[in-house]
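This is what each chain is made of:
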Amino acid sequence: MATGHIFPRRRYDQVSFIFMLIGIPFGIGFEVIVVLPVYHSSMTSPIVGLHVALTLFITANVAANMYWVITTDASGRSLGLPSVLKSGWKYCHECQLNSPPRSYHCAHCGECVLRRDHHCVFTGCCVGFRNHRYYLVAVMYLWIGAIYGVTYSWSYIWQEVGGATVANVLSLVAPHIAVVVGHLDLYTFTLMSLQAMACVLVFLTTYLFFYQVALVRSGQTAYERRHGVTMYEGTSAADNVRQLLGERWYLTWVWPSVRSRLPGDGMQFRTKPLIDELEDWKNL
Ligand SMILES: [Zn+2]
Ligand SMILES: [Zn+2]
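Taking an unreviewed UniProt entry as the reference, the protein chain is identified by name as Palmitoyltransferase belonging to Priapulus caudatus. Regarding the protein chain, the relevant UniProt record gives this comment under Sequence similarities (unreviewed entry): "Belongs to the DHHC palmitoyltransferase family." Quoted verbatim from the Catalytic activity (unreviewed entry) heading of the UniProt record, the comment on the protein chain is "L-cysteinyl-[protein] + hexadecanoyl-CoA = S-hexadecanoyl-L-cysteinyl-[protein] + CoA".

Okay, here's the thing in structure tokens:
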């Protein structure tokens, strides 16, 4: 089920991908090489080991889940789509294939993606039925990692720039202006720029994570939420979580290779009227 490529094809995605590929290791290197030794007089202390282990676990999970997002084929090409148009299906003129319900064509990927959520610019591929789990976990760890990094280096940075004065707070918002007017030197400018980018990452990942949590809870894709489609909602929030993260949803945070079988094949989905009908039938 591999996609056969890792590096994004679209220029905009390539820039985002490279920015992330350089930015994340740079931020982690800063925390471990510069900040960590300042806070701990002995580098052999168990607390240092705990910070390093936590950093490694978060980073490895972000990288591995993003790798799974990219290398998992989100399209329906391998499924042998039917030549006869079934009820609820639509014909995709670009793919020249019959496309199942909840599947949409992505102009950037050049294919129809099963239960398509959105096109991710940081991985350069679509998020859908088969790889949504990895995307969600990657976003969760990016969010945790960003908050962890910002809070960990916060007091070190204020200490280096001379305290949380009004001028210093303003220079966090616009470090490029602060260095031009001579308020920051090259080192403190670098510190402030890093912290400013980390704060942006915190806001961005907070939004992405909670938006995804809302989608999971309601059993909708981003497209369905925008267009008010509610017919695929499950019987409960827990059922919606299982639909997206699989049967062993509670273990998906551990590592992407942990198996969690998804219900269905990505082509047929239970619809709300049918679920309601089943519930009525059970209550008879
Ligand atoms: Zn298509
Ligand atoms: Zn796409």
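Caption draft 1: Here's a closer look at empty space enclosed by the protein. Throughout the structure, instances matching the rule amount to 1 cavity of 30 Å³ or more. The calculated volume of the largest cavity comes to roughly 40 Å³. In terms of lining, the largest cavity is formed by Arg-9, Arg-10, Asp-13, His-108, Cys-109, His-119 and Gly-124.

Caption draft 2: Broad picture of the coordination of the zinc ion (ligand 2). Protein coordination at the zinc ion (ligand 2): the donors are Cys-106 (SG), Cys-109 (SG), His-119 (ND1) and Cys-126 (SG), at 2.1 to 2.3 Å from the metal. For the zinc ion (ligand 2), the 4 donor atoms are set out with angles of 99 to 119° between them, so the coordination reads as tetrahedral. For the zinc ion (ligand 2), the donor residues sit on a single chain with the sequence spacing C-x2-C-x9-H-x6-C. Within this pair, whereas Cys-109 is found in the loop between strand E3 (104-106) and strand E4 (111-113), its partner Cys-126 is found in strand E6 (residues 125-127), the two being separated by 17 residues in sequence. Judged on exposure class, the residue Cys-109 and its partner Cys-126 are both buried.

Caption draft 3: Geometry of the packing of aromatic side chains. Within this structure, the stated rule accounts for 17 aromatic pairs. Taken together, a centroid distance of 6.1 Å and an interplanar angle of 80° make the contact between Tyr-67 and Trp-68 edge-to-face. The class of Tyr-67 is partly exposed, set by a relative accessible area of 43%. Each residue in the set Tyr-39, Tyr-148 and Tyr-152 is aromatic and connected to the rest through ring pairs, giving one cluster. Sitting over the ring of Tyr-104, Lys-90 keeps its end group 4.7 Å from the ring centre. The ring of Phe-269 has Arg-102 lying over it, and the distance from NZ or CZ to the ring centre is 4.8 Å.

Caption draft 4: Molecular detail of the coordination of the zinc ion (ligand 1). Around the zinc ion (ligand 1), the protein contributes the donor atoms Cys-92 (SG), Cys-95 (SG), His-105 (ND1) and Cys-112 (SG), at 2.1 to 2.3 Å from the metal centre. Of note is the zinc ion (ligand 1), whose 4 donor atoms meet at the metal with angles of 101 to 123° in an arrangement that counts as tetrahedral. By relative accessible area, Cys-95 is classed as partly exposed at 24%. Classification of His-105 by relative accessible area gives partly exposed; the value is 25%.

Caption draft 5: Expanded view of the UniProt feature "transmembrane region" (unreviewed entry) in the protein chain. Under the UniProt annotation, the feature "transmembrane region" (unreviewed entry) is placed at residues 15-36, 48-70, 134-154 and 194-216. Annotated as residues 134-154, this span is 100% helix and 0% strand, and its ends, taken at the C-alpha atoms, are 30 Å apart. Helix makes up 100% of residues 194-216 and strand 0%. Its end C-alpha atoms lie 32 Å apart.

Caption draft 6: Local environment of the pattern of salt bridges. Here the structure, examined in full by the defined rule, presents 4 salt bridges. The residue Glu-224 makes a salt bridge to Arg-102 at a minimum N-O spacing of 2.7 Å. With a gap of 122 residues between them, Glu-224 in helix H7 (residues 222-226) and Arg-102 in the loop between strand E2 (97-99) and E3 connect regions that are remote in the sequence.

About the cut-offs
- Residues numbered from 1 in each chain as written.
- Chains lettered and ligands numbered in written order.
- Predicted model: local features only at pLDDT ≥ 70, side-chain atom pairs only at ≥ 80, totals over all residues.
- Heavy atoms only, no water.
- UniProt positions renumbered as here; feature names shortened; annotations may be inferred.
- 1 Å grid on protein atoms, 1.4 Å probe; cavity = no way out; pocket = protein on both sides within 12 Å on 5 of 7 lines; lining within 4 Å.
- Points joined across faces, edges and corners; volume = space filled by probe spheres on them.
- Donors = N, O, S within 2.8 Å, 3.2 Å for Na, K, Ca; no water.
- Tetrahedral: all angles 85-135°; square planar, octahedral: opposite > 155°, others 65-115°.
- Helix = DSSP H or I, 4+ residues; strand = E, 2+ residues; numbered from the N terminus.
- Buried < 20%, exposed > 50% of the residue type's maximum accessible area, 1.4 Å probe, protein only.
- Phe/Tyr/Trp six-rings, centres within 6.5 Å; stacked < 30°, edge-to-face > 60°.
- Lys NZ or Arg CZ within 6 Å of the ring centre and 35° of its normal.
- Salt bridge = Lys/Arg side-chain N within 4 Å of Asp/Glu carboxyl O.

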